[in-house]
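The chain contents come next:
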Amino acid sequence: MVATTAEVAQTGSRQVGVYHPVVPSELRESWFVGPVEIPTRLVLAPMAGVSVQAFRRQGRRFGAGLVCSEMVSCAGIEHRNERTLGYLRVAEDEHPLAIQLFGSDPRVMGEAAKLVEAAGADIVDLNFGCPVKKVTKTGAGATLLDAPDRAARIVSAIAESVELPVSVKLRRGLRDGSRDCLTVGPRLVEAGAASLTLHPRSAQQMYTGTADHSLTAELVDLVDVPVVASGDITSRARAQAVLATTGAAAVMVGRAAQGNPWVLAEIAGENPSEPTREEIVAELVLYLRETVRELGERRASSFLKKFYGWYLGRGRFPRPFKQELVLLDSTEEVERRLLAAAPGAIELVERLEAEIPSGDEVTLELPISVYGGG
Ligand SMILES: Cc1cc2nc3c(=O)[nH]c(=O)nc-3n(C[C@H](O)[C@H](O)[C@H](O)COP(=O)(O)O)c2cc1C
């Protein structure tokens, strides 16, 4: 159903009489980034330290139309850093998938984008929003909002290097109250960006306060490419309100989906009931197994610790149980404890594993050139 401008005006935050591309609020509709069709208006956010393949594949299963890797260092790619190259692994059931790059040198980023393309991604996403010092002090991430010429040069270098559509993820600006995204965003589109994602907090704000989606609405009015709204989307009602009041093509969900894929189904309109203990444990066990396959036992076992609290929190399991899991040495022991707490999950895990392609089948080998042939 397409809302009328008047209906949108009634929702409160749009001015009557201002032209605005009113979009349907139905989340299960497709849209496009360049030629790439995205089957739902729900995007899973890129999150460093979170967005492993297991997270992205699970996100697709629960209704995300587009998933994204965490930000990958172009310098790491240039130096063929093995761990960095691992972030370029794409599974068959992740598509459509964006791989996100961060960096500051247009030439190096253009070269890195070629490997993203070779690795099988559908979209190259650029991080112009990371507020973390380690990244901004190198001239990458959110600092590019203060360097619009270089930002535009990066986008055009990448658009020229690859056939894939280029998307850019921005914050509102560096400092509180900044509106720089409204001047930088249109320049990036001129330079070749096929879509923009706005997280309308300043870099200074980090994750405090709230995302001001009135800026998202302003950006939508200024550009003729799809805009994705990121920030504080935690429920279907919120997603629909943001789509209707901003004209964004899609919403992006980040923190709300950590350990809670069910929220994606709810936002997409599946109306799921609260997951049972068995369903929670089954998803977590599958997540453990996939992450161990992806990262190896040693890296996975420390990486996964934060997920125990995320999955088992929200009053789902008692706190001492979560604490006990964090103290266990191996993911095998964690799995054993989890399945002992919810034996009915054993059958569910088997069913899930039978339904989805196994890690080995779906992990594409990176071309030898990605490893520099050596
Ligand atoms: C732990 C964490 C890591 C993040 N890493 C990235 C990242 O690598 N690239 C990026 O563009 N945004 C990153 N973000 C920002 C999110 O993509 C998103 O824009 C932000 O969390 C707001 O959305 P939310 O309220 O739905 O979480 C990260 C956020 C969190 C919480």
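Residues numbered from 1 in each chain as written. Predicted model: local features only at pLDDT ≥ 70, side-chain atom pairs only at ≥ 80, totals over all residues. Heavy atoms only, no water.

## Re the packing of helix 2 (residues 53–61) against helix 12 (residues 277–295)
Here's step 1: Direction vectors running N to C along helix 2 and helix 12 enclose 135 degrees, while the axes themselves pass 8 Å from each other. Judged by the inter-axis angle, helix 2 sits oblique to helix 12. Contacts between helix 2 and helix 12 involve Q53, A54, F55, R57, Q58 and R61 on the former and, on the latter, E283, L286, Y287, E290, T291 and E294.
Here's step 2: Broken down by class, the residue content of the contact of helix 2 with helix 12 amounts to four nonpolar, three polar and five charged. (Axes fitted to C-alpha atoms, helices over the stretch in contact; angles between N-to-C directions. Helix = DSSP H or I, 4+ residues; strand = E, 2+ residues; numbered from the N terminus. Parallel < 35°, antiparallel > 145°, perpendicular 65-115°, else oblique. Contact = heavy atoms within 4.5 Å. Nonpolar A, V, L, I, M, F, W, Y, C, P; charged D, E, K, R; others polar.)

## A short note on the site of the ligand
Here's step 1: As a structural note, the neighbourhood of the ligand is formed by 16 residues, with A48, Q100, S230, D232 and R255 the closest of them.
Here's step 2: Measuring from an oxygen atom of the ligand, one finds a backbone N or O atom of G254 at 2.9 Å.
Here's step 3: At 2.7 Å from an oxygen atom of the ligand is found a side-chain nitrogen or oxygen belonging to R255.
Here's step 4: The class makeup of the residues in the shell around the ligand is seven nonpolar, six polar and three charged. (Near = heavy atom within 4 Å. Polar contact = N/O pair within 3.5 Å; in protein donor to acceptor, adjacent residues only side chain to side chain.)

## Considering the environment of E335
Here's step 1: Positionally, E335 belongs in helix 16 (residues 331–341).
Here's step 2: The class for E335 is buried, based on a relative accessible area of 16%.
Here's step 3: Remark: the alpha-carbon pair of E335 and L286, spanning 49 residues in sequence, is separated by 9.4 Å.
Here's step 4: Setting aside its immediate chain neighbours within four residues, E335 contacts V285, L288 and R289.
Here's step 5: A polar contact of 2.5 Å, which involves the side chain of E335, links it to the side chain of R289. (Buried < 20%, exposed > 50% of the residue type's maximum accessible area, 1.4 Å probe, protein only.)

## Here we look at the confidence of the model for the chain
Here's step 1: When pLDDT is averaged across the chain, the result is 90; 89% of the residues are at 70 or more.
Here's step 2: Across residues 367–374, confidence stays below pLDDT 50; counting only partners more than four residues off in sequence or on other chains, it has ten contacts. (pLDDT = per-residue confidence, 0-100.)

## Things to note about the nonpolar core
Here's step 1: Formed by 120 residues in total, the largest nonpolar core has its most connected members in L101, L126, F128, L188 and L338.
Here's step 2: When residues of this core are assigned to their parent elements, the largest contribution, nine residues, is made by helix 12. (Core = buried A, V, L, I, M, F, W, Y, C linked by side-chain atoms within 4.5 Å.)

## A word on the packing of aromatic side chains
Here's step 1: A full pass over the atoms with the stated rule returns six aromatic pairs.
Here's step 2: For the ring pair F303 and F307, a centre distance of 5.3 Å and an interplane angle of 35 degrees mean the geometry is tilted. The burial state of F303 is the same as that of F307; both residues are buried.
Here's step 3: With a centroid separation of 5.0 Å and 80 degrees between ring planes, the pair formed by F307 and W310 is classed as edge-to-face. Here F307 and its partner W310 are both found in helix 14 (residues 305–312), three residues apart, which amounts to about one turn of the helix.
Here's step 4: On the basis of relative accessible area, W310 is assigned to the partly exposed category, the value being 24%.
Here's step 5: Every member of this aromatic cluster is reached through a ring pair, and the members are Y287, F303, F307, W310 and Y311.
Here's step 6: One Lys or Arg, R171, reaches over the ring of Y207 and ends 4.9 Å from the middle of that ring. (Phe/Tyr/Trp six-rings, centres within 6.5 Å; stacked < 30°, edge-to-face > 60°. Lys NZ or Arg CZ within 6 Å of the ring centre and 35° of its normal.)

## A short note on the side chain of K169
Here's step 1: Within the secondary structure, K169 sits in strand 7 (residues 166–173).
Here's step 2: For the buried K169, which has no salt bridge, the nearest side chain bearing the opposite charge is D125, at an N-O separation of 6.8 Å.
Here's step 3: With sequence-adjacent residues up to four places away left out, K169 is seen in contact with P46, Q100, D125, L126, N127, F128, G129, T197, S230 and M252. (Lys, Arg positive; Asp, Glu negative; His and termini not counted. Salt bridge = Lys/Arg side-chain N within 4 Å of Asp/Glu carboxyl O.)

## So, the pairing of strand 8 (residues 195–202)
Here's step 1: Within strand 8, eight of the eight residues are buried, which leaves it mostly tucked inside the rest of the structure.
Here's step 2: Going residue by residue along strand 8, you find S195, T197, H199 and R201 tucked away on one face and L196, L198, P200 and S202 tucked away on the opposite face as well.
Here's step 3: With helix 8 (residues 181–190) bridging strand 7 and its parallel neighbour strand 8, the resulting β-α-β unit is right-handed.
Here's step 4: Looking at chain direction, strand 8 and strand 9 (residues 227–230) are connected through three bridges and run parallel. If you follow T197 over to strand 9, its bridge partner there is V228. (Right-handed = clockwise from strand over helix to strand, strands pointing away. Pairing = 2+ DSSP bridges.)

## Considerations on helix 15 (residues 319–327)
Helical geometry note: an α-helix holds 3.6 residues per turn, so side chains three or four residues apart project in the same direction.
Here's step 1: Within the span of helix 15, buried status applies to F321, K322 and L325. Looking down the long axis of helix 15, one finds its buried residues gathered within 100 degrees of arc, a one-sided arrangement. More than 90 degrees from the buried face of helix 15, the exposed residues found are R319, P320 and L327.
Here's step 2: Residues of helix 15 that are buried in the fold lie against helix 14 and helix 16. (Arc of directions from axis to C-beta.)

## Brief notes about the pattern of salt bridges
Here's step 1: Applying the stated criterion across every chain, the model contains 18 salt bridges.
Here's step 2: Of the charged contacts in the structure, one is a salt bridge between E218 and R179, with a shortest N-O distance of 2.6 Å. Taken together, the residues span a long stretch of sequence, with E218 in helix 9 (residues 213–222) and R179 in the loop between strand 7 and helix 8 at a distance of 39 residues.
Here's step 3: Residue class for E218 comes out partly exposed when judged on its relative accessible area of 30%.
Here's step 4: A salt bridge links R337 to E324, with the shortest nitrogen-to-oxygen separation between them at 2.5 Å. Here the residue R337 occupies a position in helix 16, and E324 occupies one in helix 15, the gap between them amounting to 13 residues.
Here's step 5: For R337, a relative accessible area of 28% corresponds to the partly exposed category.
Here's step 6: Here the residues in one salt-bridge network are R57, D93 and E290, joined through shared partners.

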